[in-house]
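What the coordinates show
Residues per chain, in single letters:
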There are 2 protein chains.
Amino acid sequence: MLQSQLFPKTKKESPKDAVSINHKLLVRAGFIDQLMAGSWTLLPLGWRVINKIIGIIREEMNAIGGQELLMPLMHPKEIWNETGRWESAKEVMYQLTDARKKEFALSFTHEEIVMDLLRKHVNSYNDLPVAMYHFSTKFRNELRPTGGILRGREFLMKDLYSAHQTEEDMNDYYEKVSDAYIKIFNRIGFDSYITEAAGGVFTENRTREFQVVAEAGEDTIYIKKDTKKALNKEVFEGNLDDYEEKRSIEVGNIFPFGDKKYSEKMNVTYQDRDGQSKLVYFASYGIGVTRLLGTAVEVFHDERGIIWPKSIAPYQVHLIELKKERNEEIKKKAEEIYDKLQNAGVEILWDDREVMAGEKFADADLIGIPVRLVVSEKSGDKIEWKERNSDKTELLQLDEVIERMCTREK
Amino acid sequence: MLQSQLFPKTKKESPKDAVSINHKLLVRAGFIDQLMAGSWTLLPLGWRVINKIIGIIREEMNAIGGQELLMPLMHPKEIWNETGRWESAKEVMYQLTDARKKEFALSFTHEEIVMDLLRKHVNSYNDLPVAMYHFSTKFRNELRPTGGILRGREFLMKDLYSAHQTEEDMNDYYEKVSDAYIKIFNRIGFDSYITEAAGGVFTENRTREFQVVAEAGEDTIYIKKDTKKALNKEVFEGNLDDYEEKRSIEVGNIFPFGDKKYSEKMNVTYQDRDGQSKLVYFASYGIGVTRLLGTAVEVFHDERGIIWPKSIAPYQVHLIELKKERNEEIKKKAEEIYDKLQNAGVEILWDDREVMAGEKFADADLIGIPVRLVVSEKSGDKIEWKERNSDKTELLQLDEVIERMCTREK
């Protein structure tokens, strides 16, 4: 991608109302744009990061047998009445009435919709277990949507749902998903913790939350020293001396509903091997996809800008050409590097703009692509290699650059 | 994918209310499920086809410099008031009020949202031209959502928007998009026609529509004999003898708005080379993504089921094992074929169920995957190869199957 064509340009100033780091940096660097409180456009750079995140989650969901689909966002009132959530979740749910006085809810979650799918399509034990997920928009009427893209009124979520014959099978799968979640957060580059917490409008059972430690976190968790286990403040019991208190961001949660909460209310049953009608065991599992974008910035940044982990960087290489006036030789060299890296499958952003070196370097630090390459009169035949999270620069041949890019682990 | 695990199973009967072919076949074969009138879940098979369609569109949009992003679905009333469409498009637009009496619209299109992005981020001639697109959900309060997935109240659309300094530049790009659209429909396998039509709530100018001939079409077009040109009924002028009347489905449309319709009303300007403030020339371009899924079924089917074109088939190969009782040898052979084809990068659905041969064959014809492979006692060492759109069967070695699959054009 040529930076001269990239929409939009970076900004020198943060938005006036921005408090959180992800809000400031993602807006200045051109990753997101605010339409209204809690509502964001994912601009081309931001959308690339989201797609990387989606790619990682998709692989891990498929690996545990999840089947991807896409469910509607506007739902009939009747279906939400079956579980009582039309009333009980009214505060968080956007509701609307059409010209013919028919009432609808916008998706704040999809349990009821999945249950409706299951009761239509699951007949016998042969049809279970089944796990399905989608990446889709959620609408939640947050009183105060703050923290940049961490808490929106409209946001992207991955939600997985599973249905089982027995509680044991549900619990086994619940552990598989829990492991997959930790893998996902590790692959992004996060240090994540599992906590036990209360389930809110979702369930009266305790649920498991996935937490990433970050200064901007809204949650308080207690991490058991020398372990990966943690407790949520609400349910903390124990001796504080054995724990470290840290602020954290909740990036995922999983709910083992069992056969009562939804199956009984919506009459989701299957015929077992003896021809008996049984209630389905049901669980749901969420990851905040856009929230992960914001969390990454909260965790990976310095005073100059974002420092993307390789796994979710919008591009792998930021190529900068520095030339006094119209130096055609340097332009040509940059073009050669750009073409050869692209042909080698490397995602590359080329700063081909006619602006000062200082502006190019500042933008590269702000945008935060993992590797910066500079070609200039100074670098001569070679190319300057610098990684975003290091101050070390090296001079390399083009072949060496390609070799390094193609052998770097993701 | 193992068919025993695929959600959901096929159905013997069409839905009672289904009239159109895409409705009947897509529901029976397990590609879509109706939540309410005009609202569909894209089930795993359907979602795979949608992703193939998205992949083709994305390639062609990127090839003409489109930048992908994602814009919000819920919009503030104020922004729709700027162009008057809060009132003028009220019939088609879902509108809602939150607990604090703030009013919102659900996305029935995104021109106003793009214009808001442009006026925030475009300053000078240096920032133009720019073209951006997204795949996103549209909500339209259709009075009668009929025709299966052809006309929904909630559906997926690809919308592209472009902004230019001059009318000439806009018109040039308009032609590029027009060409890209024809390429997209060709790649899917459609025979498509361009017609000129009136613009509805979008513009008073004539717009260009892209039409695919199909019996179930709601539009009437007049195709000039021996050309690829056609006229929409509304604007038809000429001698009927030179034209063939055909029913068709509108799958795309493009609107050259210019600088009045949106730019003037929303004050979207840039500074030209002389420092003068000028209005931006603006155009928008849509493709109905879920509608393409339905259109493909309307065009490509027979009395037994769907016949997917290779370019958008959910899987490339449907492997069927036929065995009397528990014949472990055939199971093993099927496993080998499945593994080897998967390793060669072939997308394969394996019917591993313990059901009768007749049911397997009927399901394969219904689902419509391009190549069917059968292993049975009869096929011996070899594998039976049959294409969905042919009655010819051949016996091949596994190596020959792999060779064929890897060299078939998409």
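Predicted, not measured: the structure shown is a model, and the values here were computed from it. Counting starts from 1 at the beginning of each chain's written sequence and moves along it residue by residue. Written order decides the labels, with chains lettered from A and ligands numbered from 1. Residues qualify for local features only when their pLDDT is at least 70, as the model is predicted, and side-chain atom pairs are given and counted only at 80 or more; totals for whole chains, interfaces and linings, by contrast, use all residues.

**Some words on the UniProt feature "coiled-coil region" (unreviewed entry) in chain A**
- When the UniProt feature table is mapped onto this chain, "coiled-coil region" (unreviewed entry) is found at residues 320–347 of chain A.
- Strand forms 7% of residues 320–347 of chain A and helix 57%; the C-alpha atoms that close the span are 14 Å apart. UniProt positions are given in the numbering used here, feature names are shortened, and annotations may be inferred rather than shown by experiment. Only runs of H or I of at least four residues qualify as helices and only runs of E of at least two qualify as strands under DSSP, and these elements are numbered from the N terminus.

**Notes on the interface of chain A and chain B**
- Residues are defined as contacting one another if the C-beta atoms placed from their backbone atoms lie within 7 Å. Facing 38 residues of chain A, the contacting portion of chain B comprises 38 residues.
- When contributions to the side of chain A that touches chain B are tallied by element, the ones reaching two or more residues are strand E1 (32–36), strand E2 (39–42), helix H2 (44–63), strand E3 (67–68), strand E4 (74–76), helix H5 (111–121) and strand E7 (130–139) of chain A.
- Taken together, the residues that form the side of chain A that touches chain B break down as 24 nonpolar, 7 polar and 7 charged. When residue character is reported, Ala, Val, Leu, Ile, Met, Phe, Trp, Tyr, Cys and Pro are called nonpolar, Asp, Glu, Lys and Arg charged, and the others, Gly included, polar.

**Here's the deal with the sheet that holds strand E6 (residues 103–106) of chain A**
All names here are of chain A.
- Here we have 3 strands laid out as an open sheet, ordered E4-E6-E5, and antiparallel in their pairing. Strands at the two margins of the open sheet, each flanked by one partner only, are E4 and strand E5 (95–97). Going from strand to strand, the sheet's axes swing by 35° on average, the running direction of each strand aside. Any two strands with at least two DSSP-identified bridges between them are counted as paired. All axes here are fitted lines through C-alpha atoms, helices being fitted over the stretch that makes contact, and every angle between N-to-C directions spans 0 to 180 degrees.

**A closer look at the relation of the copies chain A and chain B**
- The fit set for superposing copies consists of C-alpha atoms from residues with pLDDT of at least 70 in both; the fit itself is least squares. Overlaying chain A on chain B yields an RMSD of 0.0 Å, the required transformation being a rotation through 180° with an accompanying axial translation of 0.0 Å. Look at the turn and shift together and you get a two-fold axis relating the two. Within chain A, Leu96 of chain A has its C-alpha nearest the rotation axis, a separation of 2.6 Å.
- Take the interface residues of chain A: 100% of them recur as interface residues in chain B, which is what a same-surface contact looks like.

**Some points on the pairing of E6 of chain A**
Residues and elements named next belong to chain A.
- Relative to E6, E4 runs antiparallel, the two being bridged by 3 bridges. Following the sheet pairing, His75 is matched in E6 by Ala105.
- If you look at the hairpin formed by E5 and E6, you'll find 5 residues sitting between the two strands, and Lys101 has a positive phi there, around 70°.

**Quick look at the nonpolar core**
- Judged by nonpolar contacts, the single largest core of 203 residues is most densely connected at Ile53 and Leu373 of chain A together with Ile53 and Leu373 of chain B.
- By residue number, the principal contributor to this core is helix H6 (residues 167–188) of chain B, which donates 9 residues.
- Once residues lying within four places of it in the same chain are set aside, the contact partners of Ile53 of chain A are Ile188, Val289, Leu292, Leu293 and Ile312 of chain A.
- Within the second largest apolar cluster, 22 residues are counted, among which are Leu73 of chain A together with Met74, Ala89 and Phe104 of chain B. As used here, a nonpolar core is made of buried Ala, Val, Leu, Ile, Met, Phe, Trp, Tyr and Cys residues. They are joined through C-beta atoms within 7 Å. Exposure criterion: with C-beta atoms placed from backbone coordinates, a residue whose C-beta has 20 or more other C-beta atoms within 10 Å is buried, one with 12 or fewer is exposed, and one in between is partly exposed.

**Section: helix H10 (residues 357–367) of chain B**
All names here are of chain B.
- Within the span of H10, buried status applies to Asp363, Ala364 and Ile367. The buried side chains of H10 occupy one side of the element, clustering within an arc of 100° when seen end-on.
- Those residues of H10 that are buried lie in contact with helix H2 (44–63), strand E18 (305–306), strand E19 (317–321) and strand E21 (371–375).
- Remark: Gly368 follows H10 within two positions and exhibits a positive phi of approximately 85°. Here the arc refers to the directions that run from the helix axis out to each C-beta atom.

**Examining the packing of H2 of chain B against H6 of chain B**
Residue and element names in this part refer to chain B.
- Between H2 and H6, the least distance of the axes is 10 Å, while the angle of their chain directions is 150°. For the element pair H2 / H6, the angle class is roughly antiparallel. Where H2 crosses over H6, the handedness of that crossing is right-handed. Touching Ile53, Ile56, Ile57, Glu60, Met61 and Ala63 of H2 are Ala180, Lys183, Ile184, Arg187 and Ile188, all from H6.
- Each residue belonging to the contact of H2 with H6 can be placed in one class, and the counts come to 8 nonpolar, no polar and 3 charged. Orientation is classified from the angle alone, with under 35 degrees giving roughly parallel, over 145 giving roughly antiparallel, 65 to 115 giving roughly perpendicular, and any other angle giving oblique. The sense of a crossing depends on the near helix, which, turned anticlockwise from the far helix by less than a right angle, makes the crossing left-handed and, turned clockwise, makes it right-handed.

**A short note on the domain arrangement of chain A**
- Considered domain by domain, chain A is made up of domain 1 (21–302) and domain 2 (315–407).
- All domain edges in this entry derive from an automatic or database-based domain assignment. If you average the C-alpha positions of domain 1 of chain A and of domain 2 of chain A, the two centres end up 39 Å apart.

**Focus: the sheet that holds strand E22 (residues 383–387) of chain A**
Residue and element names in this part refer to chain A.
- Sheet architecture is open: 5 strands sit in the order E20-E19-E21-E22-E23, paired in mixed fashion. Either end of the sheet is taken by a strand with one partner, and the two such strands are strand E20 (348–351) and strand E23 (393–396). For this sheet, the mean angle separating the axes of adjacent strands, direction not counted, is 25°.
- Pairing between E22 and E23: 4 bridges, direction antiparallel. Of the residues in E23, the one forming a bridge with Lys386 is Thr393.
- Running at roughly 175° to strand E19 (residues 317–321), helix H10 (residues 357–367) makes contact with E19, E20 and strand E21 (371–375) of the sheet.
- Against the sheet, helix H11 (residues 398–407) makes contact with E19, E21, E22 and E23, and its axis sits at roughly 25° relative to E22, the strand it touches most.

**Here's the deal with the pairing of E2 of chain A**
All names here are of chain A.
- The alternating pattern of E2 places Ser39 and Thr41 and Trp40 and Leu42 on opposite faces, both of which are buried.
- The pairing of E1 with E2 spans 4 bridges and is classified as antiparallel. From the neighbouring strand, Ile32 faces E2, where its bridge partner is Leu42.
- The turn linking E1 back onto E2 is made up of 2 residues, and Gly38 within it adopts a positive phi angle of 80°.

**Focus on H2 of chain A**
- In a regular helix each residue adds 1.5 Å, so 20 residues correspond to 28 Å; H2 of chain A covers 29 Å between its end C-alpha atoms and thus fits that length.
- All of the buried residues along H2 of chain A are Pro44, Leu45, Gly46, Trp47, Arg48, Val49, Ile50, Lys52, Ile53, Ile56, Ile57 and Met61 of chain A. Helix span, expected: 1.5 Å multiplied by one less than the number of residues in the helix.

**Some details on the packing of H2 of chain A against helix H8 (residues 289–299) of chain A**
Residue and element names in this part refer to chain A.
- At a closest axis distance of 10 Å, the pairing of H2 and H8 adopts a crossing angle of 110°. Compared by their axis directions, H2 and H8 come out roughly perpendicular. Seen along the crossing, H2 lies across H8 with a hand that is right-handed. Packed against H2, whose contacting residues are Gly46, Val49, Ile50, Ile53 and Ile54, the element H8 presents Val289, Thr290, Leu292 and Leu293 at the interface.
- Here the residues of the contact of H2 with H8 are counted per class, giving 7 nonpolar, 2 polar and no charged.

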